[in-house]
Amino acid sequence: MPGFVCLHVCGALRRPQLRSQGSEHLFFRHFTEQGRLDGLCILLVTHLLPDRPQFIQALAQIGRIGAILPKPKSVHGPTLTWAQQHYPVLPLNRQWTNAPQGVIDHIAPLVAPHERLIILDIGGYFAKTQATLSEYFGPRFLGVVEMTENGHQRYEQEVLATPVISVARSPLKQAEDIQIGLSVVYSAESLVRTLNRTFNVCQAALFGYGKVGRSIARELRCRNLHLELVETDVLRQVEALSHGFKLVGKEEALSRAELVICSTGNGSLDLADLQRLRPGTMLASVTSADDEFAFCLSQLPWPSQEVCPHVLALTRPDGSQIFLLNRGEAVNFVHGAVIGEYVYLVLAEIIEGVRQLAQQSMAPGLFDLPQSTMRTIARHWLADFHGVSQ
């Protein structure tokens, strides 16, 4: 079995080990009181942030945590230490999750012979190898719960051999996505100020008008900057225009922008696009650089230097510089990607997804949670976090 190794820790996320809203234990109790599911092994892909221990402990009440697989660029040091004290922690990368033999070599030793397996995914890490896992484990592989839009799209592109419950497009996830947009703008503006610049009357381009993009666009409009929107989907173009945003093409946007925020999760910019940017342009991503950009940061042929904390300057062949906020990674993770109690809506959906996969016989395919389940989660959340009774 490949050895467990220490993971890179994000230096920016220096917070107390456990961050509490005060009501998490009450909220999660609604979804654990049905008791433990016998013979269940859960592999958890997660942002290992300070709000995760309560969720992990709740998961452990319904099944055995076979391993935690932290997303590489969102690891909070004290939370990692806590996780390593209680569970196996396995380094995560697409090299082994996309490789049929690699995924078997890593996962098979984690699952006892009598156990059934469920994978909780963020970003479609196992989309390409879910069929391999289904063939290897047979009916013991119950399926996957996927949390993100990027991951949803990755599973959607594959021939599925197992059930995949996606919470990426649920109404509860949309409430979380609004908060993610706010956190992106907050972190981007904070880093821009470290460069002695502001958003005021800044020429900005936003790529992508999906759920998070809509929230970013609305928030940017309140910041007194000039915003242009790049969107390729015709339905979203209509929606953006109806909301009063100006649509332009990629080349036009890049030629003018001082600030570019990318929210597509689908390789929005390549190396040639970086050449088109104005000198001094600041570039931010909503998701990981590997997903958002069609170039590899580690293989860029240009000199780079960290000119401010979490701001990387790239010097292009003509001597001009552009700036990558949070080094091109998800910009809101500079401040811990804080979205408050809204995160618990989606974490509860994940727990309910586990129960549905374990207790129902489901055919291969991509599924949502039932509306009744989402409404139950919403009622408990409103009562426990906001005192709203139905």
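Residues numbered from 1 in each chain as written. Predicted model: local features only at pLDDT ≥ 70, side-chain atom pairs only at ≥ 80, totals over all residues. Heavy atoms only, no water.

1. Quick word on the sheet that holds strand 6 (residues 203–207)
Item 1. Ordered by their spatial adjacency, 8 strands build an open sheet running 8-7-6-9-10-13-12-11, and the pairing between neighbours is mixed. The sheet is open, and its two edges are formed by strand 8 (246–247) and strand 11 (304–308), each paired on a single side.
Item 2. Across the face of the sheet, helix 8 (residues 171–194) comes into contact with strand 9 (259–262), strand 10 (282–285), strand 11, strand 12 (311–315) and strand 13 (321–325) while running at roughly 140 degrees to strand 13.
Item 3. Taken strand by strand, helix 9 (residues 211–221) contacts strand 6, strand 7 (226–230) and strand 9, and its axis lies near 165 degrees from that of strand 6. (Pairing = 2+ DSSP bridges. Helix = DSSP H or I, 4+ residues; strand = E, 2+ residues; numbered from the N terminus. Contact = heavy atoms within 4.5 Å. Axes fitted to C-alpha atoms, helices over the stretch in contact; angles between N-to-C directions.)

2. What about the nonpolar core?
Item 1. Ranked by internal contacts, the top residues of the largest apolar core, which has 107 residues, are Leu 59, Ile 107, Phe 126 and Leu 325.
Item 2. Apart from the residues lying within four places of it in its own chain, the contact partners of Leu 59 are Ile 42, Leu 44, Ile 65, Leu 120, Ile 351 and Val 354. (Core = buried A, V, L, I, M, F, W, Y, C linked by side-chain atoms within 4.5 Å. Buried < 20%, exposed > 50% of the residue type's maximum accessible area, 1.4 Å probe, protein only.)

3. Some remarks on the packing of aromatic side chains
Item 1. Under the criterion given, the structure shown has 13 aromatic pairs.
Item 2. Here Phe 27 and Phe 28 contribute two aromatic rings whose centre-to-centre distance is 5.8 Å and whose plane-to-plane angle is 50 degrees, an arrangement assigned as tilted.
Item 3. On the numbers, 5.1 Å between centres and 70 degrees between planes, the contact of Phe 27 with Phe 31 is edge-to-face. Of this pair, Phe 27 and Phe 31 both sit in helix 1 (residues 24–32), 4 residues apart, roughly one helical turn. Accessibility classification places Phe 27 together with Phe 31 in one group, the buried group.
Item 4. Taken together through their ring pairs, the aromatic side chains of Phe 27, Phe 28, Phe 31, Phe 55, Tyr 342, Tyr 344, Trp 381 and Phe 385 make up a single cluster.
Item 5. Taking the ring centre of Tyr 125 as reference, the NZ or CZ of Arg 94 above it sits at 4.0 Å. (Phe/Tyr/Trp six-rings, centres within 6.5 Å; stacked < 30°, edge-to-face > 60°. Lys NZ or Arg CZ within 6 Å of the ring centre and 35° of its normal.)

4. Quick word on the pairing of strand 1 (residues 40–48)
Item 1. Most of strand 1 is tucked away, with 9 of its 9 residues classed as buried.
Item 2. With 5 bridges joining them, strand 1 and strand 3 (residues 116–121) adopt parallel strand pairing. Bridge pairing in strand 3 places Leu 43 opposite Ile 119.
Item 3. Sheet analysis places strand 1 next to strand 2 (residues 64–75), joined by 7 bridges and oriented parallel. Looking at the pairing, Leu 48 lines up with Val 75 of strand 2.
Item 4. In the classification by handedness, the crossover that spans strand 1, the intervening helix 2 (residues 52–60) and the parallel strand 2 is right-handed. (Right-handed = clockwise from strand over helix to strand, strands pointing away.)

Coordinates in, geometry out; function isn't part of it.
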